[in-house]
Amino acid sequence: MPFDYKKEYKEFYLPPAKPQLVHIPKMQFVAVRGKGNPNDSEGEYQKALAILYAISYTIKMSKMGDRRIEGYFDYVVPPLEGFWWQEKKGIIVPSFDYKDKSSFNWISVIRLPDFVNQKDFDWAKESAAAKKDLDCSRAELLTIEEGDCVQSMHKGSYNDEPATVEKMHDFVSANGYVLDFSATRLHHEIYLSDPRKTSAENLKTVIRHPVRKNNE
């Protein structure tokens, strides 16, 4: 059976609706950075998704071709994820203005197995570009270690996320932690549902925010 990250690491991908603290270890991703409204059908975000999936499946299906990646094991391609932020006067703000999606900054990612190294990634990037006639130059192999976070499962529309986020922040304060946003510690979402096939009220999204102990 292919290795399924969602099943093997349920604490990262299938948290309860009630907020909880979690420590996230180092992981690596195929990533594309950008800015703009993710709902724009002709926008940069949709183009980024095409790149991410092309590279992800090129690596997964390498077993069917001539490329032999050392340490390869069969796996289920993990879900789409995204790191998001907005800025005010050049400073990252901890909350979002959902009415101004054009100002969203994002790093869209899909997790890659640890056996993928830079050489393998460069091969997959080049192969995907040639096979799909796709400009993959924006893609990068990105390593992130989130560390201590608060997370919760959000069910419903993306626009309704503020209610879940408020519960998360209340939980953080009640348990002796504070939010710890920075240029490298961002609002994180993991998309467990396909919005093309799932009604808005049934969408499932993991929301994760960085925290640290309140030492004051």
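Structure first, text after, so check above.
Starting from 1, residues in each chain are numbered consecutively following that chain's sequence as written. Given that the model is predicted, a residue must reach a pLDDT of at least 70 before its local features are reported, and side-chain atom pairs must reach 80 or more before they are shown or counted; all residues, however, enter totals for whole chains, interfaces and linings. Only heavy atoms go into the side-chain values, all of them from the structure, while hydrogens and water stay out.

A.B. asks: Lay out the overall build of the protein chain with the relevant residues and their values.
C.D. replies: Under the DSSP-based scheme used, a helix requires at least four consecutive residues in state H or I and a strand at least two consecutive residues in state E, with every element numbered from the N terminus. Looking only at helices and strands, one finds five helices and eight strands in the protein chain. If you list the helices and strands of the protein chain from N to C, you get α-α-β-α-β-β-β-α-β-α-β-β-β. Two things to know: the radius of gyration comes from C-alpha atoms, and the globule rule equals 2.2 Å times the number of residues to the power 0.38. Rg of the C-alpha trace for the protein chain: 18 Å, near the compact-globule value of 17 Å for 216 residues, within the 12% margin. The principal-axis extents of the C-alpha atoms in the protein chain amount to approximately 55 × 35 × 35 Å. Using a 1.4 Å probe, the Shrake-Rupley method yields the accessible areas, and only the shown protein chains count as cover for residues. As displayed, the protein chain offers around 11,800 Å² of accessible surface, 49% of which is attributable to carbon and sulfur atoms. Asp and Glu count as negative and Lys and Arg as positive, but His and the ends of the chain are not part of the count. By convention, charge coordinates are those of NZ in Lys, CZ in Arg, CG in Asp, or CD in Glu. Charged side chains of the protein chain number 31 positive and 32 negative; the gap between the two group centres comes to 3 Å.

A.B. asks: Describe the pattern of salt bridges, naming the residues involved and giving the relevant values.
C.D. replies: The term salt bridge refers to a pairing of a side-chain nitrogen on Lys or Arg with a carboxyl oxygen on Asp or Glu at a separation within 4 Å. Applying the stated rule across the entire model yields 11 salt bridges. Close ionic contact of R185 with D180 constitutes a salt bridge, the shortest N to O distance being 2.6 Å. Buried means the residue's accessible area, taken with a 1.4 Å probe over protein chains only, is under 20% of the maximum for its type, while exposed means over 50%, and partly exposed covers the values in between. On the basis of relative accessibility, which here comes to 21%, the residue D180 falls in the partly exposed class. Three or more residues joined by partner-sharing salt bridges are found here, namely E44, K47 and R138.

A.B. asks: A description of the nonpolar core should follow, citing residues and the corresponding values.
C.D. replies: As used here, the term nonpolar core means buried Ala, Val, Leu, Ile, Met, Phe, Trp, Tyr and Cys residues forming a set that is joined through side-chain atoms within 4.5 Å. Core analysis: the largest hydrophobic core is formed by 50 residues, its most contacted members being V30, I55, I59, I107 and F121. Looking at this core element by element, the count peaks at eight residues for helix α3 (residues 44-60). If near-sequence neighbours (up to four positions away) are discounted, V30 is found in contact with L52, I55, S56, S108, V109, I110, L112, F121, A139 and E140. Should any heavy atoms of two residues lie within 4.5 Å, those residues are counted as being in contact.

A.B. asks: Please provide a residue-by-residue account of the packing of aromatic side chains, values included.
C.D. replies: Stacked, edge-to-face and tilted labels apply to pairs of Phe, Tyr and Trp rings (six-membered ring for Trp) whose centres lie within 6.5 Å, assigned for plane angles under 30 degrees, over 60, and everything in between, in that order. What the rule picks out here adds up to 18 aromatic pairs. With a centroid separation of 6.3 Å and 90 degrees between ring planes, the pair formed by Y98 and F104 is classed as edge-to-face. Given a relative accessible area of 19%, Y98 falls into the buried group. Here a set of aromatic residues connected by ring pairs shows up, and it is made of F3, Y5, Y9, F12, Y72, F73, Y75 and F115. Both a distance and an angle decide whether a charge sits over a ring: NZ of Lys or CZ of Arg must be within 6 Å of the ring centre and within 35 degrees of the ring normal. Geometry around Y75 places K60 over its ring, the cationic atom sitting 5.7 Å from the centre. Seen from the ring of Y9, R111 lies directly overhead, with NZ or CZ sitting 5.4 Å from the centre.

A.B. asks: Tell me about the packing of α3 against helix α4 (residues 118-132), and name the residues and values.
C.D. replies: Between N-to-C directions, angles cover 0 to 180 degrees, with each direction set by a line fitted to C-alpha atoms, over the stretch in contact for helices. Here α3 crosses α4 at 115 degrees, and the two axes come no closer than 8 Å. In terms of their interaxial angle, α3 and α4 are classed as roughly perpendicular. The way α3 lies across α4 gives a crossing that is right-handed. Side by side, α3 and α4 meet where A54, I55, T58 and I59 of the first sit next to F121, W123, A124, K125, S127, A128 and K132 of the second. For the contact of α3 with α4, a count of residues per class yields seven nonpolar, two polar and two charged. Oblique is the label for every angle not falling under 35 degrees (roughly parallel), over 145 degrees (roughly antiparallel), or within 65 to 115 degrees (roughly perpendicular). Here a crossing is called left-handed whenever its near helix is offset anticlockwise from the far helix by less than a right angle, and right-handed whenever the offset is clockwise. The classification used treats Ala, Val, Leu, Ile, Met, Phe, Trp, Tyr, Cys and Pro as nonpolar, Asp, Glu, Lys and Arg as charged, and all other residues, Gly among them, as polar.

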